[in-house]
Amino acid sequence: TVAGILCAVWMPKDNKGAEYFELACVKEGSGVPKLLHGATYLYLQFLHVICRFLGNEFIYCVWAQMILYLITAVVIYAAVRRMFGVLPALVTISFLMFSTHLTAESRKLSPNILFLLLFFMTLHMIITCMKNESYPIALYIISGIAVGVITYLDVTGIILLLFFATSSKFSYLKRGLL
């Protein structure tokens, strides 16, 4: 993880994502435009909070993006570990930390990392439901709502519906509810 951070910090820097920064800056009498949809709007709200507390500096938003990337890496590790085990999780996290595309994405202001974080948090919740049959039905309802929200944020969230549908069916079959 440390090596991945160092690669991300010392790679050539540019102002990619400056349009998101401009939309999120705290200005007199303005906020985040309401015409945006899904993950972009949520991401701009996140950047707006960063700008409100730390100031309208581009570097603060980039650092927040890198911290978001690290949190995403931990959540992806946890989800892959729960689904496949420790070794595949370590391989996944190694790829994630050394992938030039993803380290560049961590320095670019873009809602992709936030969506990835929310996607894998939801996937981890679904896998937890699949692995442990003693969870209450309410957790399945919360998982279904999370899948709906993720799908609303980006259409690729529909992939989670496959995991959710199979986890719910298998759990209900184990419990004798279907």
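Residues numbered from 1 in each chain as written. Predicted model: local features only at pLDDT ≥ 70, side-chain atom pairs only at ≥ 80, totals over all residues. Heavy atoms only, no water.

Novice: Before we move on, can you summarise helix H7 (residues 112-131) with the specific residues and values?
Specialist: Spanning 20 residues, H7 covers 28 Å between terminal C-alpha atoms, matching the ideal 28 Å at 1.5 Å per step. Within H7, burial applies to Ile113, Leu114, Phe115, Leu117, Phe119, Phe120, Thr122, Leu123, Ile126, Ile127, Thr128 and Cys129. (Helix = DSSP H or I, 4+ residues; strand = E, 2+ residues; numbered from the N terminus. Expected span 1.5 Å × (residues − 1). Buried < 20%, exposed > 50% of the residue type's maximum accessible area, 1.4 Å probe, protein only.)

Novice: Just give me the short version of a nonpolar patch on the surface, but keep the residues and values in it.
Specialist: Among the surface-exposed residues, Val49, Phe53, Leu54, Ile59, Tyr60 and Trp63 lie close enough to one another that they form a single nonpolar patch of about 630 Å² accessible area. Breaking the nonpolar patch down by element, the ones donating at least two residues are helix H3 (38-54) and helix H4 (58-84). Mapped onto the fold, Trp63 is located in helix H4. (Patch = residues over 30% accessible without salt bridge, like charges linked within 9 Å, V, L, I, M, F, W, Y side chains within 5 Å. Areas by Shrake-Rupley, 256 points an atom, 1.4 Å probe, with all protein chains shown as cover. Salt bridge = Lys/Arg side-chain N within 4 Å of Asp/Glu carboxyl O.)

Novice: Summarise the environment of Ala78; cite the residues concerned and give the values.
Specialist: By the secondary structure assignment, Ala78 is in helix H4. Under the relative-accessibility criterion, Ala78 is labelled partly exposed at 29%. Once the C-alpha coordinates of Ala78 and Ala89 are considered, the two residues, 11 residues apart in sequence, prove to be 7.5 Å apart.

Novice: Tell me about the nonpolar core, and name the residues and values.
Specialist: Core analysis: the biggest nonpolar cluster contains 37 residues, and Leu96, Leu109, Phe120 and Leu160 have the highest contact counts within it. Elements supplying a minimum of two residues to this core: H3, H4, helix H5 (86-98), H7, helix H8 (137-153) and helix H9 (159-175). Sorting elements by how many residues they give to this core places H4 first, with 12 residues. (Core = buried A, V, L, I, M, F, W, Y, C linked by side-chain atoms within 4.5 Å.)

Novice: Would you mind going over the side chain of Thr128 in detail, with residue names and values included?
Specialist: In this structure, Thr128 sits in helix H7. The exposure class assigned to Thr128 is buried, which follows from its relative accessible area of 9%. Polar contacts involving the side chain of Thr128 include one to the side chain of Arg82, which spans 3.4 Å. (Polar contact = N/O pair within 3.5 Å; in protein donor to acceptor, adjacent residues only side chain to side chain.)

Novice: Pulling in residues and values, what's your account of the packing of aromatic side chains?
Specialist: On inspection of all chains with the given rule, the structure shows 3 aromatic pairs. Measuring from ring centre to ring centre gives 6.2 Å for Tyr43 and Phe46, while their planes differ by 35°; the resulting arrangement is tilted. One end of the pair is Tyr43 and the other is Phe46, both in helix H3 and 3 residues apart, which spans about a single turn. Residue Phe46 is classed as partly exposed on the basis of its relative accessible area, which comes to 26%. Each ring, one from Phe119 and one from Phe120, has its centre 5.5 Å from the other, and the planes form 70°; the classification is edge-to-face. Phe120 carries the same exposure label as Phe119, and that label is buried. Members of the aromatic cluster, connected to one another through ring pairs, are Phe115, Phe119 and Phe120. (Phe/Tyr/Trp six-rings, centres within 6.5 Å; stacked < 30°, edge-to-face > 60°.)

Novice: Which residues make up the confidence of the model for the chain, and what values go with them?
Specialist: Within the chain, residue pLDDT values average 76, and 71% of them lie at 70 or more. Summarising per-element confidence for the chain, the mean pLDDT is lowest in helix H1 (residues 2-10) (49) and highest in H5 (89). (pLDDT = per-residue confidence, 0-100.)

Novice: Before we move on, could you go through the packing of H7 against H8 and cite the residues and values that matter?
Specialist: Each pair of packed helices gets described by two things: the angle between the helix axes and the distance between those axes. Relative orientation of the contacting elements H7 and H8 amounts to 155°, with a least axis distance of 10 Å. As far as their axial angle goes, H8 and H7 are roughly antiparallel. The two elements H7 and H8 cross, and the hand of that crossing is left-handed. Residues Phe115, Leu118, Phe119, Thr122, Met125, Ile126 and Cys129 of H7 pack against Leu139, Tyr140, Ile142, Ser143, Ala146, Val147, Ile150 and Leu153 of H8. For the contact of H7 with H8, the residue count by class is 13 nonpolar, 2 polar and no charged. (Axes fitted to C-alpha atoms, helices over the stretch in contact; angles between N-to-C directions. Parallel < 35°, antiparallel > 145°, perpendicular 65-115°, else oblique. Left-handed = near helix turned anticlockwise from the far one by under 90°. Contact = heavy atoms within 4.5 Å. Nonpolar A, V, L, I, M, F, W, Y, C, P; charged D, E, K, R; others polar.)

Novice: Lay out the packing of H4 against helix H6 (residues 100-107) in plain terms, naming residues and giving numbers.
Specialist: For the pair H4 and H6, interaxial distance at closest approach is 7 Å and the crossing angle is 135°. Taken as axis vectors, H4 and H6 run oblique relative to one another. Facing H4, whose interface residues are Val62, Gln65, Met66 and Tyr69, H6 presents Leu102, Thr103, Glu105, Ser106 and Arg107. Its residues assigned to classes, the contact of H4 with H6 shows 4 nonpolar, 3 polar and 2 charged.

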